[in-house]
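Residues per chain are reported as follows:
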Amino acid sequence: MILEVHKESESKMEKTISVYKEELQAIRAGRANPALLDRIHVDYYGQVTPLKQVGSVSAPEPRMLVIQPWDTKLIPAIEKEILKSDLGLNPSNDGKIIRLLIPQLTEERRKDLAKVVKKNSENAKVAIRNTRRDAIEKIKKLEKNKEITEDDRKLAEEEMQKITDKFIAEIDEITKKKEEELMEI
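To keep things clear, this report deals only with the structure shown in the data block. (Residues numbered from 1 in each chain as written. Predicted model: local features only at pLDDT ≥ 70, side-chain atom pairs only at ≥ 80, totals over all residues. Heavy atoms only, no water.)

### Here we look at the sheet that holds strand β5 (residues 91-93)
With respect to topology, four strands assemble into an open sheet ordered β3-β4-β6-β5, the strand pairing being antiparallel. Edge positions in the sheet fall to β3 (55-61) and β5, since each has one partner strand and no second. Each neighbouring strand pair of the sheet contributes to a mean axis angle of 25°, computed without reference to strand direction. The pairing of β5 with strand β6 (residues 98-101) spans three bridges and is antiparallel. Opposite Ser92, over in β6, you have Arg99 as the bridge partner. (Pairing = 2+ DSSP bridges. Helix = DSSP H or I, 4+ residues; strand = E, 2+ residues; numbered from the N terminus. Axes fitted to C-alpha atoms, helices over the stretch in contact; angles between N-to-C directions.)

Below, the structure is given as structure tokens:
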């Protein structure tokens, strides 16, 4: 039973990490990354479809993204969605492909983005700690129902803390890498 609680908690923590990584991908670091456009969805014949399913997205240069839709009639819709997004990018097209130039980030903007990364990091850590708290409550409930002993509960709580520490350290490592990426010119 304790093992199930640990596995369930670990699974939730892994999901928290993956959500955190997705949030960080949306923060542009002055470098072209096709993942920047993962949140863009286009109306494709009445169906809202992710951009990567209606065309190819590539980064031929360090500061340029190229979108090549499979149906050129979609170019105006794709441009409109990019302009509506919070990316702050201006698309230009030649009738066949859309080019997005990623502007160089100013020092002030880099610091602002670093603060956003820190905030997202703290939110992810809170989610991890909430998962730990829920797991410990389940473990205490097992002890209260006489399904495990007090010693088992203490060992289970210590193990839960080790799992939590591992995931918090992973978040710190991811955050550190993203901040370094943001601060390099």
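So, next bit.
### Here we look at the pairing of strand β4 (residues 64-69)
With respect to burial, β4 is a largely interior element, five of its six residues being buried. Here β3 pairs with β4 via five bridges, running antiparallel. Following the sheet pairing, Gly55 is matched in β4 by Pro69. From the end of β3 to the start of β4, which pair antiparallel, there are two residues. (Buried < 20%, exposed > 50% of the residue type's maximum accessible area, 1.4 Å probe, protein only.)

### Quick look at the side chain of Glu79
Looking at the element boundaries, Glu79 is found in helix α2 (residues 75-84). One buried charged side chain, Glu79, makes no salt bridge at all; its nearest oppositely charged neighbour is Arg99, positioned 9.7 Å away. What Glu79 contacts, discounting residues up to four positions off in sequence, is Pro91, Ser92, Asn93 and Ile98. (Lys, Arg positive; Asp, Glu negative; His and termini not counted. Salt bridge = Lys/Arg side-chain N within 4 Å of Asp/Glu carboxyl O. Contact = heavy atoms within 4.5 Å.)

### Thoughts on the pattern of salt bridges
Tallying each qualifying case throughout the model produces 15 salt bridges. Asp134 is the partner of Arg133 in a salt bridge, and the nearest nitrogen-oxygen pair spans 3.4 Å. Of the residues examined, Arg133 reaches a relative accessible area of 43% and is grouped as partly exposed. Here the salt bridges do not stand alone but share partners, grouping Glu8, Lys12 and Lys138 into one network.

Scope: geometric values only; no functional claims are made or implied.
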